[in-house]
Amino acid sequence: MNHVKKEIVAMLLAGGQGSRLYALTQDMAKPAVPYGGKYRIIDFPLSNCINSGIDTVGVLTQYQPLVLSEYIGNGQPWDLNRTHGGVHVLPPYETASGKSWYAGTANAIYQNMSFVDRYNPEYVAILSGDHIYKMDYSEMLDFHKKHNADATIAVLEVPLEEASRFGIMSVDENDVITEFAEKPKEPKSNLASMGVYIFSWKVLKQYLVANEKDENATKDFGKNIIPDMLADKCKMVAYHFSHYWKDVGTIDSLWEANMDCLDPNVPLNLYDNNWKIYSRNPVMPPHYAGPNSKIENSMVAEGCNIYGTVDFSILFSGVTVEEGAVVRDSIIMPNTVIKKDAVIEYSIVGEDCIIGEGSHIGERPETTIDKDKWGIAVVGHKVNISDNVEVKAKAMISESV
Amino acid sequence: MANMSNVLGLIFANMHDSTISDLTKLRTMGSVPFGARYRLIDFTLSNMVNSGINTIGVITKANYQSLIDHIGSGAEWDLSRKTGGLHILPPYGHINGGLYRGRLEALAGVLDFIRHNDAEYVLISDTDVIANIDLKKVLENHERTDADITVIYAKTVCDAERARTKTILSVNDTGKVYDVLVRPEISGEHNVSLNMFLMKKEFLQKLIIDKAGKNLYSFEVDVLQHMLGELNIYGYKFDGYNAQIDCIKTYFAANMELMNPHVRKELFIGDSPIYTKVRDEAPAKYGLDSECKNSIVADGCIIEGKVENSVLFRGVKIGKNAVVKNCILMQDTVVGEKCEMNYVITDKDVMIGNYRSIGGTETYPIFVGKGASV
């Protein structure tokens, strides 16, 4: 098949295990983790791509790819089912030389260079499938072109005390990157890399090939490619991003990022028709609020049946909250049933769970006796909790009790 | 075994337009919004698709732009196919000139479409019935009884007014139809036709040509009634939940019946879901001090006031301290702060300004037309 040339191809790194999400990523990769009542995290970069006019996207999967691959399917929900281009799931594969697993982010792109080459692009966007943000990559590409750069890295100002968690950039007055340090102990700047890069493909290719030959390299963008290019005086510029961006790598940050949807002061508007976040929509009827239901400050998706109380919570599609049950400050993922008189507080409950009658999951920070041990309680996917079970704050339940 | 891929589905999108004229002024009966996120045609289409029919023609007459917009390529019903799939059949001018007067003339207009399809059976259906029907069972019944025509019906209680819009069947123990009343002057519980008919394709083609030659156009009168003696006409009784929309009162009542968990259970079946156009809205959002009781709410709604016994379509916004009771608010209706609304139906894109008070009654809900500002 002949391939129509594309100006830019996006490569989306979606193989992350998200090990700090424990029970929630036991059988799905982090980009597949449900977010915001109807989305999966990967909906954000995928929607950003199509909204930015990028119609050719490779999704690199590795860890637990089943849920993710099925979810992406032919890409139709994001308008990425195309004759030329579209979305393609790219799992690791075996070659004549026997190589297989993706050894690092750079190696993952290296192993798929032939995919990118089929579209003969000028530029490649390297994106992470782990972040919640709305960003116009076409503006970033304009910036990249205007600076005649070899690489453009999107950066975000973070509080200096948190800077050591990120890849930190120092820039001159023209936003040209002068220094890069991956998770520095003593950060020299507060400009953090968002894990969003645009490279001129010809240049990146050389570095991918060279990095692959270096047996000591970790084959990672942050640890190898960026420092290598910087050392060779490639032109690298920082693209400033000042809108909402959240890494949902931990239970606390996942909980917070979800709660951000409810906060009118948080600038993440999911109701903006000019920058829709697309997702695979479940085929379910509208939600039903029962005669004695109390719902406040919450997001409720389709297919829910609510007879109890829901406050400061996010309910994904198909959730049932029975009479007398209370859900507060919690996230309930798709198709979970909260039985009569159960109480869920400060918790994340996974998909397809049943929480038995009168059970109590999680605790409020103000009523916890040992405040140091307080945290969000998590019930993993497909877990059944029997009647009248108590699950403490910060507990991590991955098997039925 | 009944092979449903052998059945061609034909849907009359405009039939019964006049029964709810407020709602069909700008659209077909098939594209009348229903149940917070659906259009009436979604039920017929989904029933056909869930039963295994994969070639469907939608016969239109007038006002069908909203219908085309809704159905698109048919992808949401899995009908964007290489083989078969969805076909919108705009009205053809025909020998007599003008638009069709009844089902038979409408079918005559699409005779070529029917001829060129290699299905063995044709299922023709209107869009005025809300139900989740397994049509496979209808074909099985049709083959078992060796019927010429199978009419799907339901036992329904009708007052005199409703009965005047119905076709009523008398059926014996074996299911054979022995009497047909068209728009009769009666009331009480009767076998009411759901306006869905199954027959062999060849048989239907002959009927169409034969009746067109005699300038006959009514399927109920000229076929069901007048040919009852010479044909094997059987009824298939549908026992599940069904709502027949024949006036604004029944439209309102059918929407309100969705609050009943038993109705939702019979209508929204996990393995045979009701498909509709996807709008990619965020989930519904409830604000501080909002209240919502006994209501059906779609994605994209933002509720900051109080809502009771109401149906809210996608993208409806209820302002702070507004009170909405017994209402059907269609897509993107905006209700201002401190409004009071009781028994109101708003069409799409209606704006109700702050502090307004609008009220109708259960039998005469107030209707606010598309795009109006109050």
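Everything that follows concerns the structure shown earlier in this document.
Source: prediction; values computed, not measured.

Visitor: Sorry if this is basic, but what is going on with the overall build of chain B here?
Guide: The helix and strand tally for chain B stands at eleven helices and 28 strands. A compact globule built from 374 residues should have a C-alpha radius of gyration of about 21 Å, and chain B, at 21 Å, falls within 12% of that. Taken along the three principal axes of its C-alpha coordinates, chain B extends 65 × 45 × 45 Å. Across the 374 residues in chain B, those meeting the buried criterion constitute 59%. Partitioning the contacts of chain B with sequence separation of at least 6, the portion at a separation of at least 24 is 58%. Element-wise, carbon and sulfur atoms account for 46% of the exposed surface of chain B, whose accessible area totals about 14,800 Å². Positive and negative side-chain charges of chain B, numbering 41 and 46 respectively, have mean locations separated by a distance of 3 Å.

Visitor: Explain the environment of A:Asn224 to me, please; I cannot follow it from the model alone.
Guide: All names here are of chain A. Along the chain, Asn 224 falls in helix α7 (residues 221–231). With a relative accessible area of 11%, Asn 224 lands in the buried category. Taking the C-alpha atoms as reference points, Asn 224 and Ile 306, 82 residues apart in sequence, are found 51 Å from one another. Setting aside residues no more than four positions away along its own chain, Asn 224 makes contact with Asn 211, Ala 217, Thr 218 and Lys 219.

Visitor: Can you walk me through the layout of surface pockets in this structure?
Guide: Vacant regions in the atomic arrangement are exposed by a probe of water-molecule size rolled over the atoms. Of the voids in this model, the largest pocket is the one considered here, and its volume is about 1,500 Å³. Residue lining of the largest pocket: 43 residues in total, with A:Ser128, A:Asp130, A:His131, A:Lys183 and A:Asp247 positioned closest to the centre. Every element with two or more residues in the lining of the largest pocket is listed here: α3 (105–110), β8 (151–157), β10 (177–182), β11 (191–200), α7 and β13 (245–247) of chain A. Residue composition of the lining of the largest pocket, grouped by class: 15 nonpolar, 16 polar and twelve charged. There is about 780 Å³ of room inside the second largest pocket. In terms of lining, the second largest pocket is formed by 29 residues, of which the most central are A:Gln76, A:Pro77, B:Ala75, B:Glu76 and B:Val278. Tallied by class, the residues present in the lining of the second largest pocket amount to ten nonpolar, eleven polar and eight charged.

Visitor: I would appreciate a short explanation of the sheet that holds strand β25 (residues 347–349) of chain A in the present structure.
Guide: Pairing between the strands of a sheet is mediated by backbone hydrogen bonds and can be parallel or antiparallel. Pairing is mixed in the open sheet, where eleven strands are placed in the order β31(A)-β28(A)-β25(A)-β22(A)-β19(A)-β16(A)-β14(B)-β17(B)-β20(B)-β23(B)-β26(B). The sheet terminates laterally at β31 (396–397) of chain A together with β26 (351–352) of chain B, the two strands that pair on one side only. Pairing of strand β17 (residues 302–303) of chain B with strand β20 (residues 317–318) of chain B, which is carried by two bridges, proceeds in the parallel orientation. Counterpart to B:Ile302 in the pairing with β20(B) is B:Lys317.

Visitor: Quick question: what am I supposed to make of unusual backbone geometry here?
Guide: Apart from glycine, the bulk of residues carry a negative phi angle, and the bulk of peptide bonds sit in the trans form. Despite not being glycine, A:Asn388 shows a phi value in the positive range, around 55 degrees. Phi is positive for B:Tyr343, which is not a glycine, with a value near 50 degrees. Assignment of secondary structure puts B:Tyr343 in the loop between β24 (340–342) and β25 (344–346).

Visitor: Please clarify how a negative patch on the surface should be interpreted in this entry.
Guide: A surface patch of negative charge is lined by A:Asp214, A:Glu215, A:Asp228 and A:Asp232. Inspection of the secondary structure puts A:Glu215 in the loop between α6 (201–213) and α7.

Conventions used here
- Residues numbered from 1 in each chain as written.
- Chains lettered and ligands numbered in written order.
- Predicted model: local features only at pLDDT ≥ 70, side-chain atom pairs only at ≥ 80, totals over all residues.
- Heavy atoms only, no water.
- Helix = DSSP H or I, 4+ residues; strand = E, 2+ residues; numbered from the N terminus.
- Rg over C-alpha atoms; globule rule 2.2 N^0.38 Å.
- Buried < 20%, exposed > 50% of the residue type's maximum accessible area, 1.4 Å probe, protein only.
- Contact = heavy atoms within 4.5 Å.
- Areas by Shrake-Rupley, 256 points an atom, 1.4 Å probe, with all protein chains shown as cover.
- Lys, Arg positive; Asp, Glu negative; His and termini not counted.
- Charge placed at Lys NZ, Arg CZ, Asp CG, Glu CD.
- 1 Å grid on protein atoms, 1.4 Å probe; cavity = no way out; pocket = protein on both sides within 12 Å on 5 of 7 lines; lining within 4 Å.
- Points joined across faces, edges and corners; volume = space filled by probe spheres on them.
- Nonpolar A, V, L, I, M, F, W, Y, C, P; charged D, E, K, R; others polar.
- Pairing = 2+ DSSP bridges.
- Patch = residues over 30% accessible without salt bridge, like charges linked within 9 Å, V, L, I, M, F, W, Y side chains within 5 Å.
- Salt bridge = Lys/Arg side-chain N within 4 Å of Asp/Glu carboxyl O.

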